[in-house]
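# Residue-level structure breakdown
Letter by letter, the chains look like this.
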Amino acid sequence: MKPVKVGIIGCGNISRIYFANLKKYPEVELVAAADIDIERAKERAAEYGVPHAYTVEQLLADPEIEIVVNLTIPKAHASVCLQALEAGKHVYVEKPIVVTREEGKQVLELAAAKGLRVASAPETFLGGGIQTCRKLIDDGAIGQPVSATGFMIGGGHESWHPDPEFYYEIGGGPMFDMGPYYLTAFVTLFGPIARVTGSARISYPERTITSEKKRGKTIVVETPTNISGVLDFENGLIATLITSFDAKGGTSLPNIEVHGSAGSLLVPDPNGFGGTVKLRRAGGDWEEIELTHGYTDNNRGIGVADMARAIREGGQHRANGEMAYHVLEAMHGIHDASRDGKHYVMESTCSRPEPMPALETQSK
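Attention here is on the structure that accompanies the text. Please read all numbers here as calculations on a predicted model, not as lab measurements.

## A word on the overall build of the protein
Counting secondary structure elements, the protein contains 9 helices and 17 strands. Computed over its C-alpha atoms, the radius of gyration of the protein comes to 20 Å, within 12% of the 21 Å expected for a compact globule of 364 residues. When its C-alpha atoms are laid out on the principal axes, the protein stretches across 60 × 50 × 40 Å. Within the protein, buried positions represent 55% of all 364 residues. Considering only residue pairs separated by 6 or more positions, the protein has 71% of its internal contacts joining residues 24 or more positions apart. Total accessible area computed for the protein in this model is approximately 15,200 Å², and 50% of it derives from carbon and sulfur atoms. If the 36 positive side-chain charges of the protein are averaged to one point and the 46 negative ones to another, these points end up 1 Å apart.

If you want it as structure tokens, here you go:
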């Protein structure tokens, strides 16, 4: 297929892995870098051998660029996506797709009106870890799945991140920071969500930065940092998701565990592409399962390549905007349910993305 030309908007730290990886996928050709700081765009373009360093306006005006990869900060996701769509570009955006449900509807509606595609991180569900688990579930290895648990528990970002303030502002917090990885994995494994409920609180109204550069600065916390959600899926499965920035002592809990009528499954960290998969059949012991799918390194950018393939060949791309919006609504719904003291019934739905092609492997 003829490669799809791609430009990146947003040249911060996360951009490095995209610049490196998008040079490797034959489905795309990375031709431009842009940033509100043109010097940073020039730096990334020179570092990775990208032909053009543009302003945002110049990138959007380039008629050869078909996909814009939006790596700006979350509160800019919507405006950049809308500008790109208005310019006739398909969009791939870092997680979360946008900050609010209203913004998400705007982006999807504009894309539909213009016949363009929207895709969003996380794309880690395309990796060998989650894809192997999906195959095991689909093949009946644990029988009928009935429940799942997910845990993302840590002590917060102020101890290591150089600019941690955002994580405690509206649109941040552990649910919006890490929830997309877990909920996207859940939708990949089980399908769409019917309703959610949960409890959320701000455990510490203020936090002190202990990382360098801003050591000693006080952060006023604006968003819940300890959230427990319960999700009812359309297929009947019930899942629990706990996300927290308040566990200063860490945790020994698994990332995701799935239970079925004939066994249980340990799912690896959904923030990675590979990992260890373990299966315990009823009456047996835990056994490690060799991964049946590829893309087990840090393969960020594979979602862009998958969308490029769909642009050329037709069909739905896997990390699609409808699923990303469904995940966004579920995260808001858990917060809403805690505030309102009742279940939140989902308004959106989506399809399980198509599985990735499998490798020829055998179980250990």
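## Points about the side chain of Ser120
Tracing the backbone through its elements, the reader meets Ser120 in strand 6 (residues 118-120). Of the polar contacts made by the side chain of Ser120, one reaches the backbone oxygen of Val93; its length is 3.4 Å. When near neighbours in sequence (up to four residues on either side) are disregarded, Ser120 contacts Tyr92, Val93, Glu94, Lys95, Pro96, Ile97, Ala319 and Ala324.

## Digging into the state of the cysteines
The tally for this structure, following the rule as stated, stands at 0 disulfides. Here Cys11 is not cross-linked by a disulfide; its sulfur's nearest cysteine counterpart is in Cys81, at 16 Å. Of the residues examined, Cys11 reaches a relative accessible area of 0% and is grouped as buried. In this structure Cys350 is not part of a disulfide, and its nearest cysteine sulfur, from Cys81, lies 18 Å away.

## With respect to the pairing of strand 11 (residues 226-233)
In the sheet, strand 8 (residues 193-201) pairs with strand 11 via 8 bridges, with the strands oriented antiparallel. By the bridge assignment for strand 11, Gly198 is matched with Gly229. In this structure, the hairpin formed by strand 11 and strand 12 (residues 238-244) is closed by a connection of 4 residues, where Gly236 is found at a positive phi of approximately 100°.

## Quick look at the nonpolar core
Within the largest apolar cluster, 107 residues are counted, with the highest numbers of intra-cluster contacts made by Leu22, Val69, Phe186 and Leu265. Sorting elements by how many residues they give to this core places helix 7 (residues 173-190) first, with 11 residues. Residues contacting Phe186, with those up to four places away along its chain left out, are Ala148, Thr149, Gly150, Gly191, Leu231, Phe233, Ala239, Thr240, Leu241 and Ile256.

## Quick notes on the environment of Leu136
You can see Leu136 is positioned in helix 6 (residues 128-138). The exposure class assigned to Leu136 is buried, which follows from its relative accessible area of 14%. C-alpha of Leu136 to C-alpha of Asn299: the two residues are 163 residues apart in sequence and 22 Å apart in space. Contacts of Leu136, omitting those with residues within four sequence positions, involve Ala141, Leu265, Val277 and Ile289.

## Regarding empty space enclosed by the protein
This structure, assessed with the given rule, holds 1 cavity of 30 Å³ or more. In this structure, the largest cavity encloses a volume near 90 Å³. Every residue lining the largest cavity is counted, 14 residues in all, and those nearest its centre are Ala121, Pro122, Thr184, Ala324 and Val327. Of all the secondary-structure elements, those providing two or more residues to the lining of the largest cavity are helix 7 and helix 9 (321-340). Broken down by element, the residue count for the lining of the largest cavity peaks at 5 residues, all from helix 9.

## Some details on the layout of surface pockets
Its volume calculated, the largest pocket comes out at about 1,300 Å³. Surrounding the largest pocket, 40 residues form its lining, Ile14, Thr72, Ile73, Pro74 and Tyr167 being those nearest its centre. In terms of residue count, the dominant contributor to the lining of the largest pocket is helix 4 (residues 74-86) (6 residues). The class makeup of the residues in the lining of the largest pocket is 18 nonpolar, 10 polar and 12 charged.

About the thresholds
All residue numbers here refer to positions counted from 1 along the written sequence of the relevant chain. Only residues with pLDDT of at least 70 are given local features in this predicted model, and only at 80 or more are side-chain atom pairs given and counted; all residues enter the totals for whole chains, interfaces and linings. Note that water and hydrogens are dropped before the side-chain values are worked out from all heavy atoms of the structure. Here a strand is any run of E in DSSP of at least two residues, a helix any run of H or I of at least four, and the numbering for each starts at the N terminus. The quantity called the radius of gyration is restricted to C-alpha atoms. Its globule counterpart is 2.2 Å times the number of residues to the power 0.38. The rule is simple: take the accessible area with a 1.4 Å probe, protein chains only, and divide by the maximum for that residue type; under 20% is buried, over 50% is exposed, in between is partly exposed. Contact definition: two residues touch when any of their heavy atoms are within 4.5 Å. For the area figures, the Shrake-Rupley method with a 1.4 Å probe applies, and any residue is considered shielded solely by the protein chains shown. We score Asp and Glu as negative and Lys and Arg as positive, and we do not count His or the chain ends. For the purpose of locating charges, the reference atoms are NZ of Lys, CZ of Arg, CG of Asp and CD of Glu. We define a polar contact as two N or O atoms separated by no more than 3.5 Å, with the added condition that, inside protein, one atom must be a possible hydrogen donor and the other a possible acceptor, whereas residues neighbouring each other in sequence contribute only through side-chain atom pairs. Only a pair of cysteine sulfur atoms within 2.5 Å counts as a disulfide in this structure description. A pair of strands is treated as paired once DSSP finds two or more bridges between them. Think of a nonpolar core as a cluster: buried Ala, Val, Leu, Ile, Met, Phe, Trp, Tyr and Cys residues, connected wherever their side-chain atoms sit within 4.5 Å. Using only the protein atoms, space was sampled on a 1 Å grid; points where a 1.4 Å probe fits but cannot get out form cavities, open sets with protein on both sides within 12 Å along at least five of seven lines form pockets, and lining residues are those with an atom within 4 Å of a point. Grid points are joined across faces, edges and corners, and a volume is the space filled by probe spheres set on the points. Only Asp, Glu, Lys and Arg are considered charged, only Ala, Val, Leu, Ile, Met, Phe, Trp, Tyr, Cys and Pro nonpolar, and every remaining residue, Gly among them, polar.

This is a description of form; function is not addressed.
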